Amino acid sequence: MGMSRSQGCFGYPLSIFFIVVNEFCERFSYYGMRALLILYFRRFIGWDDNLSTAIYHTFVALCYLTPILGALIADSWLGKFKTIVSLSIVYTIGQAVISVSSINDLTDFDHDGIPDNLPTHVALSMIGLALIALGTGGIKPCVSAFGGDQFEEGQEKQRNRFFSIFYLAINAGSLLSTIITPMLRVQQCGIHSKQACYPLAFGVPAALMAVALIVFIIGSGMYKKFQPQGNVMAKVVKCIGFALKNRFKHRSKEFPKREHWLDWAKEKYDERLISQIKMVTRVMFLYIPLPMFWALFDQQGSRWTLQATAMSGKIGLLEIQPDQMQTVNAILIVIMVPIVDAVIYPLIAKCGFNFTSLKKMTVGMFLASMAFVVAAIVQVEIDKTLPVFPKQNEVQIKVLNIGNDNMTVYFPGSTVTLDQMSQTNEFMTFDVDKLTSINISSTGLPITPVTHKFEQGHRHTLLVWAPNNYRVVKDGLNQKPEKGENGIRFINSFDDSFNITMDGKVYVNVTSHNASEYQFFPLGVKSFTLSPTQQTPPQCKNDFQSSNLEFGSAYTYVIRRKSDGCAELHMFEDIAPNTVNMALQIPQYFLITCGEVVFSVTGLEFSYSQAPSNMKSVLQAGWLLTVAVGNIIVLIVAGAGQFSEQWAEYILFAALLLVVCVIFAIMARFYTYINPAEIEAQFDDDDKKKSLENIYSTVTPVSQTQM
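Rules used in this analysis
Residues numbered from 1 in each chain as written. Predicted model: local features only at pLDDT ≥ 70, side-chain atom pairs only at ≥ 80, totals over all residues. Heavy atoms only, no water. Helix = DSSP H or I, 4+ residues; strand = E, 2+ residues; numbered from the N terminus. Buried < 20%, exposed > 50% of the residue type's maximum accessible area, 1.4 Å probe, protein only. Contact = heavy atoms within 4.5 Å. Areas by Shrake-Rupley, 256 points an atom, 1.4 Å probe, with all protein chains shown as cover. Pairing = 2+ DSSP bridges. Axes fitted to C-alpha atoms, helices over the stretch in contact; angles between N-to-C directions. Core = buried A, V, L, I, M, F, W, Y, C linked by side-chain atoms within 4.5 Å. Patch = residues over 30% accessible without salt bridge, like charges linked within 9 Å, V, L, I, M, F, W, Y side chains within 5 Å. Salt bridge = Lys/Arg side-chain N within 4 Å of Asp/Glu carboxyl O. Expected span 1.5 Å × (residues − 1). Left-handed = near helix turned anticlockwise from the far one by under 90°. Nonpolar A, V, L, I, M, F, W, Y, C, P; charged D, E, K, R; others polar. Polar contact = N/O pair within 3.5 Å; in protein donor to acceptor, adjacent residues only side chain to side chain. Lys, Arg positive; Asp, Glu negative; His and termini not counted. Charge placed at Lys NZ, Arg CZ, Asp CG, Glu CD. Disulfide = S-S within 2.5 Å.

Asker: Please explain the overall build of the protein chain as it appears in this structure.
Answerer: When you go through the protein chain residue by residue, the secondary structure sums to 18 helices and 24 strands. Buried positions account for 50% of the 707 residues belonging to the protein chain. For the protein chain, restricting intrachain contacts to residue pairs at least 6 apart in sequence, the fraction spanning at least 24 positions comes to 72%. Summing over all exposed atoms, the protein chain offers an accessible surface of approximately 32900 Å²; the carbon and sulfur share of this is 62%.

Have a look at this one:
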């Protein structure tokens, strides 16, 4: 215990510095690795989106379930310090294993840049992830509780401030790593074949984790370390079990009631343990409604990022990718935590309002629910600009004339006449049952009927050219292009086929009077090359430029012959680019971040201050468990039902959280704050008195007979 008061700094124990730096490095390491995971699964191992996402979410949920394990080890067996050190070693090994699993030269025996033995890589990366989940989860509850342990009685104010700084370190680490790690991935490396550098991008987090561990061990001499007091958890479980059994035995009316159900354990367990368990169960009961907050909070990564893909990322001079919007949260946290701590709370206190921990958490829930109301409003704005896609029983058709004559197309109830190289501006929507006949004709020629089985719920393009030829192409785009990219397809109006290479992607063998599939490109002007067919004269240019691509658009590029035999380009818009600005998402991020600051920081600190000294880590783990359950709620809700309207789902979540918020406020009214240290000191005094009495009682022979 021997920690002198001289090793202080601004009234804080110096050891805190090491704990905060350790947390910063650990979070940098964790988020850096996590940012890469999905891409690594998709591109290196080659799993599809669904499998990658499922494994990713399972991993995240695991990271929030393992804290219970870490807390048990710390509070019952090794103590917090040794737990943090030993699990950090496991963690570092895990990070190293996953970096090794991403070296393609490991199994790439024929040096062609593709690993020959994928199962080896998959097995290694899964072992790595399991070790990381054990490590990051196991140390999570211990590090925050260990930090709290460094403060003396009467340093509550500094301790609360520590939890804020601690939270700041978490977000600073995650912010920097989400910016830096993608830069590392883009580097090229490899012994025999150059490719995206996953080993480097995974290796930097591994190295940082080692740094975190070393920093933590350097501070070893300064820490206040508490010895664990036997197997606390086993005692707790046994005691609760005994109380319930005993209560059930004495359920009939003739036995007097006891004040608290745990008092039924008095026959077998001492008062101190019973009172400590009461503290824990009262807090755990309060935690029951909390996962709902995390269920909303965790949708920033999924639903809100998808919302951003239907928006335009031009904010002023910046061009922002949809998945970069998440960093807004971390940036705002780094700004808001100090402001809330140094400005807002003191102001509220000045006004004479007692802003207790549970009141703060209630306000946090309210703010998060408002964030979802704002998200719903933004969604309604986006929906106004989205193109209408066909429903299950409809088909959509647009006509594109790629010939040299005027063509007329007769649909049920409407007729379309198109000049050469033109298209109908909109897709026309038809009910499948009503689409009885389509006929085409060009001037003075007989009518040709279109016989084609249109696929329900899809968009189709009807290509027409002289004299009465047609082809129906299924577009394959039922939604805005993903990740805010732009779809481009080519239509060949030559008489023989060609290849096109655009920005590294190849359209192979686009046949005569036919359309290629869409391929997707990020924003900017792209250049493409036509590999010429036999027919083009040698002097023709074969390099072309696309228009300036923005976000979420789709185009059809028709390549046709000019009179001199060279190729020329005609562009047609299929889906308009996104117009709603991504900056509109900032208010909802701001609200949910303010909610997080008053909810999450307070929750950490509340869990620590209300826990008995031998169960600090256990309650921190209980707090993290609410995060895990929140993650699971999202998986269930997202899997269970797709709302036809996204905004309706947002409103549903907002309403659910509001209800939970009201319930929590009522529960909080009935909670009385305690000071565990005082209660435990009271028991210590009683024990001293008792032991003194025992000494006296052995002196007087009279009481021997009374015993």
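Asker: How should I be thinking about the pairing of strand S21 (residues 524-531) in this particular structure?
Answerer: Here is the key point about a regular strand: its side chains alternate between the two faces of the sheet. Two strands pair when backbone bridges link them, and strand S17 (residues 498-502) and S21 are joined in this way by four bridges, in the antiparallel orientation. Of the residues in S21, the one forming a bridge with Met502 is Phe528.

Asker: Explain the sheet that holds S21 here, please?
Answerer: Hydrogen bonding along the main chain pairs the strands of a sheet, whether they run parallel or antiparallel. Pairing is antiparallel across the open sheet formed by four strands, whose spatial order is S18-S17-S21-S22. Edge positions in the open sheet fall to strand S18 (505-510) and strand S22 (543-549), since each of these has one partner strand only. Looking at each pair of strands side by side, their axes are set apart by 20° on average, direction ignored. When S21 meets S22, the two strands line up antiparallel, connected through five bridges.

Asker: What am I meant to see in the nonpolar core here?
Answerer: Within soluble globular proteins, side chains that are nonpolar generally end up buried alongside one another. Core analysis: the biggest nonpolar cluster contains 140 residues, and Met33, Phe59 and Met365 have the highest contact counts within it. Top contributing element to this core by residue count: helix H1 (residues 15-45), with 15 residues. Apart from residues no more than four positions distant in its own chain, Phe59 is found in contact with Tyr30, Met33, Leu37, Leu129, Ile132 and Ala133.

Asker: When you look at a nonpolar patch on the surface in this model, what are you seeing that I'm missing?
Answerer: A grouping of Ile331, Ile335, Ile339, Val343, Ile344 and Leu347 is seen on the molecular surface, where their side chains present a nonpolar patch of about 470 Å² in accessible area. Mapped onto the secondary structure, Leu347 falls in helix H12 (residues 327-350).

Asker: Sorry, what's going on with helix H9 (residues 271-287) here?
Answerer: The α-helix winds at 3.6 residues per turn, so residues separated by three or four positions along the chain end up facing the same way. The end-to-end C-alpha distance of H9 is 25 Å, a good match for the 24 Å that 17 residues give at a rise of 1.5 Å each. All of the buried residues along H9 are Leu273, Ile274, Ser275, Gln276, Ile277, Met279, Val280, Val283, Leu286 and Tyr287.

Asker: Looking at this structure, how should I read the packing of H1 against helix H6 (residues 156-186)?
Answerer: The interhelical angle for the contact between H1 and H6, taken along N-to-C directions, is 35°, at an axis separation of 7 Å. In terms of crossing hand, the pair formed by H1 and H6 is right-handed. Counted by class, the contact of H1 with H6 contains 16 nonpolar, five polar and four charged residues.

Asker: Is there a simple way to explain the side chain of Ser493 in this structure?
Answerer: Structurally, Ser493 is set in the loop between strand S16 (486-492) and S17. Of the residues examined, Ser493 reaches a relative accessible area of 13% and is grouped as buried. At 3.0 Å, the side chain of Ser493 forms a polar contact with the backbone oxygen of Ile559. Residues in contact with Ser493, not counting those within four places in the same chain, are Ile402, His513, Ile559, Arg560 and Arg561.

Asker: Even after reading the chapter, I still don't get the sheet that holds strand S8 (residues 407-411), so can you show me in this structure?
Answerer: What the four strands build is an open sheet, ordered S9-S8-S12-S13; its pairing is antiparallel. The open sheet is flanked by strand S9 (414-418) and strand S13 (448-449), the only strands paired with a single partner.

Asker: Which parts of the structure should I look at to understand a positive patch on the surface?
Answerer: Together, Lys238, Lys245, Lys249 and Lys268 make up a positively charged patch on the protein surface. Positionally, Lys245 belongs in helix H8 (residues 232-249). Residue Lys245 is classed as exposed on the basis of its relative accessible area, which comes to 55%.

Asker: Any chance you could explain the pattern of salt bridges here in plain terms?
Answerer: Pairing is possible between side chains of opposite charge, provided their charged atoms come close. One pass over the structure, following the stated rule, counts 17 salt bridges. We note a salt bridge from Arg303 to Glu649, for which the minimum N-O separation is 2.9 Å. In this pair, Arg303 sits in helix H11 (residues 303-309) while Glu649 sits in helix H16 (residues 646-669), placing the two residues 346 residues apart along the sequence. On the basis of relative accessibility, which here comes to 2%, the residue Glu649 falls in the buried class. The salt bridge partner of Glu319 is Lys314, with a shortest N-O separation of 3.0 Å. Of the residues examined, Lys314 reaches a relative accessible area of 29% and is grouped as partly exposed. Bridged by salt links that share partners, the residues Lys398, Asp475, Arg489 and Asp574 form one connected network.

Asker: How do you make sense of the state of the cysteines when you look at a structure like this?
Answerer: Structurally, a disulfide amounts to a covalent bond that connects the sulfur atoms of two cysteines. All told, the structure shown has one disulfide when counted by the stated rule. There is a disulfide in this structure between Cys540 and Cys566, and the S-S distance comes to 1.8 Å. Between Cys540 and Cys566, the S-S dihedral sits near -85°, and the bridge is therefore left-handed. You can see Cys540 sitting in the loop between S21 and S22 and its partner Cys566 sitting in the loop between strand S23 (554-561) and strand S24 (567-575), a full 26 residues away along the chain. Taken individually, Cys540 and Cys566 each receive the classification buried, so the pair is uniform in this respect. Between Cys63, a cysteine without a disulfide, and Cys142, which holds the nearest cysteine sulfur, the sulfur-to-sulfur distance is 15 Å. Classification of Cys63 as buried rests on a relative accessible area of 0%. The thiol sulfur of Cys351 is not disulfide-bonded, and the nearest other cysteine sulfur, from Cys594, lies at 18 Å. Classification of Cys351 by relative accessible area gives exposed; the value is 67%.

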